Every structure is written in C-alpha cells, then in structure tokens.
Amino acid sequence: MRALLLALALLAPWAAAQPAGDPAPLQFRDAAEERRFHALVSELRCVMCQNQSLADSNAQIAVDLRREVLELMRQGKSDAEIKDFLVARYGEFVLYRPPVDAKTWLLWFGPALVLLLGGWTVFRIVRRRAGTAAPAPAPTDDQEW
C-alpha cells in the first residue's frame, strides 16, 4: 500500500503537467499580413471551445488552426477561400457570422421572432385584464375612517 502511495506521489506532477504554451510564436512577414491574420482569426470560432474565437482560444486545436490559417494566407488564398476550406472541414459552426440562407434563417431571425411573439403575448394579457377589471366600488358615506 505504501509503495502504491509513493508511486502516485511521484507521478502526480507529470499527470497534471500541461504544455507550456505555443512553443514557437507565429512570425509575420509584415504588419499588413499580421492585420489580415488577426481580422480573419477573430471571425473564426474555435471548434473545441465553442464560445471563443481562434484568436482568443488557448486550446491546442486553435493553435494548430491559427498556424494553418497563416499557411493558407501565405499560399495566396483569399479570406473567402480560407473560410470555405474551414467550413468544408468543420462545418458552418466555425463561422461567427454564418451566411443568411434557408438553413440559418432561424439563427438570424429567431430572436426577433421570439421578441415579437413575447410582445404580442404581453399586449394580449394586458388588454384582456384591462377589459375584465371590475369597477372600483363607489365610496359610501357610512364608513368611518
């Protein structure tokens, strides 16, 4: 039993070890390439984190995708071609602003529809209660205050 506890105590630091981060930071050729890269990765969603852009995520897949985006940029691909490549690979989920088409109508117009439906419901409830409210009793002089 003691040998098992000793072995676990010795192996614990390696079990909790995390990569030290991006071993080699991305190097840009010029400021224009860096601006284009940052604008592009801020429009793409990390496929693992789901609520972070590629620019914000520290997940290993985000690091790999950032490298791939830079490589595609250096191959002369346009922003649209890079987005199309990632959509073909990971689906439209990778885009923060998916295109407006039949598959995404609910995504784009659903919140407005819910808001309108809620407003209509509140209007109907208020109107119904105003119409059925009993009139206030008339004051009588025989009450003492």
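Everything that follows concerns the structure shown earlier in this document.
Attention in this report is confined to the structure presented alongside it. (Residues numbered from 1 in each chain as written. Predicted model: local features only at pLDDT ≥ 70, side-chain atom pairs only at ≥ 80, totals over all residues. Heavy atoms only, no water.)

Moving on to helix α3 (residues 60–74). The end-to-end C-alpha distance of α3, which contains 15 residues, comes to 21 Å, matching closely the 21 Å that a straight helix rising 1.5 Å per residue would cover. Those residues of α3 that sit buried are A62, V63, L65, R66, V69, L70, L72 and M73. Check the buried side of α3 and you find it contacts α2 (31–42) and α4 (79–90). Looking one or two places after α3, you find G76, whose phi comes out positive at around 95 degrees. (Helix = DSSP H or I, 4+ residues; strand = E, 2+ residues; numbered from the N terminus. Expected span 1.5 Å × (residues − 1). Buried < 20%, exposed > 50% of the residue type's maximum accessible area, 1.4 Å probe, protein only. Contact = heavy atoms within 4.5 Å.)

Here we come to the packing of aromatic side chains. Under the counting rule described, the total for this entry stands at one aromatic pair. Aromatic pair F28 and F37: ring centres 5.2 Å apart, planes at 50 degrees, arrangement tilted. For F28, a relative accessible area of 23% translates into the label partly exposed. Given a relative accessible area of 2%, F37 falls into the buried group. The side chain of R45 reaches across the aromatic face of F93, ending 4.8 Å from its centre. (Phe/Tyr/Trp six-rings, centres within 6.5 Å; stacked < 30°, edge-to-face > 60°. Lys NZ or Arg CZ within 6 Å of the ring centre and 35° of its normal.)

A grouping of V100, W105, L107, W108 and F109 is seen on the molecular surface, where their side chains present a nonpolar patch of about 560 Å² in accessible area. Within the element layout of this structure, W105 appears in helix α5 (residues 105–132). (Patch = residues over 30% accessible without salt bridge, like charges linked within 9 Å, V, L, I, M, F, W, Y side chains within 5 Å. Areas by Shrake-Rupley, 256 points an atom, 1.4 Å probe, with all protein chains shown as cover. Salt bridge = Lys/Arg side-chain N within 4 Å of Asp/Glu carboxyl O.)

Now for the packing of α2 against α3. Axis separation between α2 and α3 bottoms out at 11 Å; the angle between their running directions is 130 degrees. When the axes of α2 and α3 are compared, the pair comes out oblique. Judged by the sense of rotation from one axis to the other, the crossing of α2 with α3 is right-handed. Contacts between α2 and α3 involve E33, R36, F37, L40 and V41 from the first element and R66, V69, L70, M73 and R74 from the second. Grouping the amino acids of the contact of α2 with α3 by side-chain chemistry returns six nonpolar, no polar and four charged. (Axes fitted to C-alpha atoms, helices over the stretch in contact; angles between N-to-C directions. Parallel < 35°, antiparallel > 145°, perpendicular 65-115°, else oblique. Left-handed = near helix turned anticlockwise from the far one by under 90°. Nonpolar A, V, L, I, M, F, W, Y, C, P; charged D, E, K, R; others polar.)

Okay, the side chain of E33 next. You can see E33 is positioned in helix α2. The class for E33 is buried, based on a relative accessible area of 10%. Of the polar contacts made by the side chain of E33, one reaches the backbone nitrogen of R29; its length is 2.7 Å. (Polar contact = N/O pair within 3.5 Å; in protein donor to acceptor, adjacent residues only side chain to side chain.)

Take the side chain of S53 next. By secondary structure assignment, the location of S53 is in the loop between α2 and α3. Setting aside residues up to four positions removed in sequence, S53 forms contacts with V41, S42, L44, R45, C46 and Y96.

Attention now goes to the pattern of salt bridges. For the structure shown, the criterion picks out four salt bridges. One salt bridge in this structure joins R89 and E68, with 2.8 Å as the shortest N-O distance. Within this pair, whereas R89 is found in helix α4, its partner E68 is found in helix α3, the two being separated by 21 residues in sequence. On the accessibility criterion, R89 (44% relative accessible area) is partly exposed.

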